[in-house]
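Architecture at a glance
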Amino acid sequence: MVVPSTTPVVRQQTTPPQSSHAGGIPTVDLSAHGGRGALSRQVVRACAEHGFFRAVNHGVPPGPAARLDAAARTFFALAPRDKQRAGPPSPLGYGCRSIGFNGDAGELEYLLLHANNPAAVAHRARAIDAEEPSRFSNVVNEYVGAMRQLACEILDLLGEGLGLEDPRSFSKLITDTDSDSLLRINHYPTACNAHNLDHDSQCKMKSSVRTKTTSNGVKPSAGGRVGFGEHSDPQILSLLRANDVDGLQVLLNADGKEVWVQVPADQSAFFVNVGDLLQALTNGKLVSVRHRVIASSSRARLSTIYFAAPPLHARILALAETITANAPSQYRPFTWAEYKKTMYSLRLSHSRLNLFHIDHDGHSNVGEGEE
Ligand SMILES: C=C1C[C@]23C[C@@]1(O)CC[C@H]2[C@@]12CC[C@H](O)[C@@](C)(C(=O)O1)[C@H]2[C@@H]3C(=O)O
Ligand SMILES: O=C(O)CCC(=O)C(=O)O
Ligand SMILES: [Fe+2]
């Protein structure tokens, strides 16, 4: 008689260890020591479970980042009236405290620039570095080139890991000559220096943006200053790099509960965010992560984010490989231009992709719930 064994069957681990989760933040080593297949699975897993990971050993040389940071510091150190020559943001240009067009504000100043239009950057540079505009546009273009390459590498890994017939489907969207990618440089001054942001700020700062209990009931920290309020990035993929000052937080799912997790600063890493469009393109397999910045009162944070986007006319619809009988299309097709128009009519914290969600009866939700 064969007696069934009561010993549980333990499957042999055939793949190298998964990405590490130091402090709850998944980390992916892009140097691919474990092989490209394992790496692509790790990247997919991080983007499917969290929509976010820290990329280390990414192969980007430090020079372009150091040169961009130096140029940004020089600009942000100028007098308010000189900086304002590069603004107001339209949405591109220099902005101070105000974010978007619908009343959002944060304890920051920023430069928002085209990342696929050197002529536009050269034009803007005349107001940013009046002495030698090409100095500024050269460092921006050099940095953007490095970011485009890293974004393509990560998107190709995602394409491979998801088993797409054309693994380059995502990267092709961002390398199109008309790609609408952006570069953003954010400067969060210390509480003491915040009054230098603009002329009439001294009184404004008294009513400065303080954290309130957020939608999930979590208070970030008592008396925290909101640097950049809760949101998801609308584009395909964002690559963020910052100095050694903490502040970035991501909303992660832990045991079925959503919790804000502090992202420890790491100057040598890139933090990778899935954007709304990648969620739509993958039919919700990869998730666009909600994040925010709580500004430190004592140390200034400088961060740079490359937002990889498709051309305005690109039609965004779930790739065939992500649609099955059990997972029908979740979002109605839309163009990036249409999505941008919708997003600029909404507040920062709006879950705008939901407006394009198809409900179970097959109706689209677009137009509903707008603020
Ligand atoms: C309030 C807004 C600012 C923003 C456009 C929006 O209407 C909603 C999305 C915001 C965001 C977040 C990520 C990026 O920082 C950004 C440049 C983007 O593409 O979408 C900003 C927009 C902005 O600051 O113009
Ligand atoms: O400045 C940061 O660290 C993040 C800002 C951000 O999320 C954004 O600009 O979209
Ligand atoms: Fe963001």
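Everything below is about the structure shown above.
Residues numbered from 1 in each chain as written. Chains lettered and ligands numbered in written order. Predicted model: local features only at pLDDT ≥ 70, side-chain atom pairs only at ≥ 80, totals over all residues. Heavy atoms only, no water.

Take the side chain of His58 next. When you line up the elements, His58 lands in the loop between strand 2 (52-56) and helix 2 (63-76). Take His58: its relative accessible area is 17%, and that puts it in the buried class. Polar side-chain contacts of His58 include one of 3.0 Å to the backbone nitrogen of Val60. Those residues within four positions of His58 in sequence are excluded, and the remaining contacts are Leu30, Leu150, Ser268, Ala269 and Phe270. (Helix = DSSP H or I, 4+ residues; strand = E, 2+ residues; numbered from the N terminus. Buried < 20%, exposed > 50% of the residue type's maximum accessible area, 1.4 Å probe, protein only. Polar contact = N/O pair within 3.5 Å; in protein donor to acceptor, adjacent residues only side chain to side chain. Contact = heavy atoms within 4.5 Å.)

For ligand 2, the set of nearby residues contains 13 residues, the closest of which are Asn186, Tyr188, His291, Arg301 and Ser303. Taking Ser303, its side chain carries an N or O atom lying 2.6 Å from an oxygen atom of ligand 2. Assessed atom by atom at 2 Å from the grid points, ligand 2 resides in the largest pocket. Those elements that provide at least two residues to the shell around ligand 2 are strand 5 (182-188), strand 6 (225-231), strand 11 (291-295) and strand 12 (301-308). Top element by residues in the shell around ligand 2 is strand 12. It accounts for 4 residues. (Near = heavy atom within 4 Å. 1 Å grid on protein atoms, 1.4 Å probe; cavity = no way out; pocket = protein on both sides within 12 Å on 5 of 7 lines; lining within 4 Å. Sits in = over half its atoms within 2 Å of the grid points.)

On to empty space enclosed by the protein, then. Taken as a whole and assessed by the stated rule, the structure comprises 2 cavities of 30 Å³ or more. Within this model, the largest cavity holds a volume of roughly 60 Å³. Lining of the largest cavity is provided by Leu240, Ala242, Asn243, Val245, Asp246, Leu248, Val263, Pro264, Ala265, Asp266, Phe271 and Arg301. (Points joined across faces, edges and corners; volume = space filled by probe spheres on them.)

Within the largest apolar cluster, 75 residues are counted, with the highest numbers of intra-cluster contacts made by Val43, Ile154, Leu158, Leu237, Leu239 and Tyr306. A per-element tally of this core places helix 5 (residues 133-161) first, with 14 residues. Apart from the residues lying within four places of it in its own chain, the contact partners of Leu158 are Val43, Val44, Cys47, Phe170, Leu278 and Leu286. The next biggest cluster of nonpolar side chains, apart from the first, holds 24 residues, and it includes Leu92, Leu182, Tyr188 and Val261. (Core = buried A, V, L, I, M, F, W, Y, C linked by side-chain atoms within 4.5 Å.)

This part takes up the packing of aromatic side chains. Scanning the model with the defined rule gives 8 aromatic pairs in all. Note on Phe75 and Tyr94: the rings are 5.5 Å apart at their centroids and 75° apart in plane angle, and the pair reads as edge-to-face. Of this pair, Phe75 sits in helix 2 while Tyr94 sits in strand 3 (residues 93-99), and the two are 19 residues apart along the sequence. Residue Phe75 is classed as buried on the basis of its relative accessible area, which comes to 2%. Here the aromatic rings of Tyr339 and Phe356 are separated by 5.2 Å at their centres, their planes lie at 50°, and the arrangement is tilted. In this pair, Tyr339 is assigned in helix 9 (residues 336-344) and Phe356 in the segment after helix 9, connecting sequence segments 17 residues apart. An identical accessibility class is assigned to Tyr339 and Phe356; each is buried. Over the face of the ring belonging to Tyr110 we find Arg184, whose NZ or CZ atom lies 4.1 Å from the ring centre. (Phe/Tyr/Trp six-rings, centres within 6.5 Å; stacked < 30°, edge-to-face > 60°. Lys NZ or Arg CZ within 6 Å of the ring centre and 35° of its normal.)

Before going further, it helps to spend a moment on the site of ligand 1. In the vicinity of ligand 1 there are 17 residues, among which Arg184, Gln235, Met343, Tyr344 and Leu346 approach most closely. Contact distances for ligand 1 include 2.7 Å between an oxygen atom and a side-chain N or O atom of Gln235. Its free accessible area being 470 Å², ligand 1 has 99% of it covered by the protein chains. Of all the cavities here, the one that holds ligand 1 is the largest pocket. For the shell around ligand 1, the elements supplying multiple residues, two or more each, are strand 4 (104-114), strand 6 and helix 9. Its residues assigned to classes, the shell around ligand 1 shows 10 nonpolar, 3 polar and 4 charged. (Areas by Shrake-Rupley, 256 points an atom, 1.4 Å probe, with all protein chains shown as cover. Nonpolar A, V, L, I, M, F, W, Y, C, P; charged D, E, K, R; others polar.)

Attention shifts here to unusual backbone geometry. Following Gly87, the chain continues to Pro88 via a peptide bond in cis, the omega torsion being -5°. The amide bond that connects Ser90 to the next residue, Pro91, takes the cis arrangement and shows omega of 10°. Within the fold, Pro91 resides in the loop between helix 3 (80-83) and strand 3. Even without being glycine, Asn57 reaches a positive phi, approximately 50°. You can see Asn57 is positioned in the loop between strand 2 and helix 2. One non-glycine residue with positive phi stands out, namely Arg97, at about 70°. Its place among the elements puts Arg97 in strand 3. What makes Arg97 buried here is its relative accessible area of 9%.

Moving on, we get to the state of the cysteines. Overall, the coordinates contain 0 disulfides when judged by the stated rule. Just so you know, Cys192 is unpaired, no disulfide at all, and the nearest cysteine sulfur is the one on Cys96, 17 Å from it. (Disulfide = S-S within 2.5 Å.)

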